[in-house]
Amino acid sequence: AQSATMVMLRHQPVNAMRLDSAFTSMEQISTFTDFKNTLHVRMRQKYRGYSVFAADAVMHVPFQKPKNSYVNGAFYKGLDADLAYASSKQFDEAQ
């Protein structure tokens, strides 16, 4: 059986962060615009509404060239393989 795998993102195009489950989402935590007018959006991965440990990323969006946006961080693919049959009680206890 296949299990979840961590995907490391180092200066990758934003489309590299494709989520593979209807139960998985990215939640925006904060935003910040720096002196170069680049927007930084901090995000965390959620599975069934619960935060995924060590699965966070920062998307960098240059104001002058938004097509040059990129992302750094990590997220998990294949969480359904490990967690699809976990009860909500197990998620609550882990929090």
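Here the structure is shown first, and the text comes after it.
Source: prediction; values computed, not measured.

**Student:** Which parts of the structure should I look at to understand the pairing of strand 5 (residues 70-77)?
**Tutor:** The side chains of a regular strand alternate, first on one face of the sheet and then on the other. As judged from the seven bridges shared by strand 1 (residues 5-13) and strand 5, these two strands associate in the antiparallel manner. Bridging across to strand 5, Thr5 finds its partner in Lys77. Across four bridges, strand 4 (residues 50-62) lies against strand 5 in antiparallel orientation. Counted as the bridge partner of Val58 is Asn72 from strand 5.

**Student:** I keep staring at the nonpolar core and nothing clicks. Help me out?
**Tutor:** Note that soluble globular proteins tend to have their nonpolar side chains buried in a common cluster. Listed in full, the nine residues of the largest apolar core are Leu9, Met17, Val41, Met43, Ala57, Met59, Val61, Val71 and Phe75. Among the elements of the structure, strand 3 (38-47), strand 4 and strand 5 are those that each provide at least two residues to this core. Take this core: its biggest share by element is three residues, from strand 4. Ignoring anything within four residues of it in the chain, the contact list for Met17 reads Leu9, Met26, Met43, Ala57, Val71 and Phe75.

**Student:** Please explain the sheet that holds strand 3 as it appears in this structure.
**Tutor:** Strands pair in a sheet through their backbones, by hydrogen bonds, and they do so in one of two ways: parallel or antiparallel. Strand order in this open sheet of five strands is 1-5-4-3-2, and the pairing throughout is antiparallel. Whereas interior strands pair on both sides, the edge strands pair on one side only; in this sheet they are strand 1 and strand 2 (24-33). Strand-to-strand twist across the sheet, computed as the mean angle between neighbouring axes with direction ignored, equals 20 degrees. Taken together, the nine bridges between strand 2 and strand 3 define a ladder with antiparallel strand orientation. Paired with Ser30 across the two strands is Arg42, which belongs to strand 3.

**Student:** Whenever I open this one, the packing of aromatic side chains confuses me. Can you help?
**Tutor:** Geometry of an aromatic ring pair is reported as the spacing of the ring centres plus the angle between the planes. Tallied over the entire structure, the rule returns one aromatic pair. Here Arg48 stacks its cationic end above the ring of Phe23, 4.9 Å away from the centre of that ring.

**Student:** Which parts of the structure should I look at to understand unusual backbone geometry?
**Tutor:** Non-glycine residue His11 carries a positive phi angle of around 55 degrees. Looking at where His11 falls in the secondary structure, it is placed in strand 1. At Ala54, a position not held by glycine, the phi torsion is positive, near 60 degrees. As for its placement among the helices and strands, Ala54 is situated in strand 4. Residue Ala54 is classed as partly exposed on the basis of its relative accessible area of 38%.

Definitions and limits used
Residues numbered from 1 in each chain as written. Predicted model: local features only at pLDDT ≥ 70, side-chain atom pairs only at ≥ 80, totals over all residues. Heavy atoms only, no water. Pairing = 2+ DSSP bridges. Helix = DSSP H or I, 4+ residues; strand = E, 2+ residues; numbered from the N terminus. Core = buried A, V, L, I, M, F, W, Y, C linked by side-chain atoms within 4.5 Å. Buried < 20%, exposed > 50% of the residue type's maximum accessible area, 1.4 Å probe, protein only. Contact = heavy atoms within 4.5 Å. Axes fitted to C-alpha atoms, helices over the stretch in contact; angles between N-to-C directions. Phe/Tyr/Trp six-rings, centres within 6.5 Å; stacked < 30°, edge-to-face > 60°. Lys NZ or Arg CZ within 6 Å of the ring centre and 35° of its normal.

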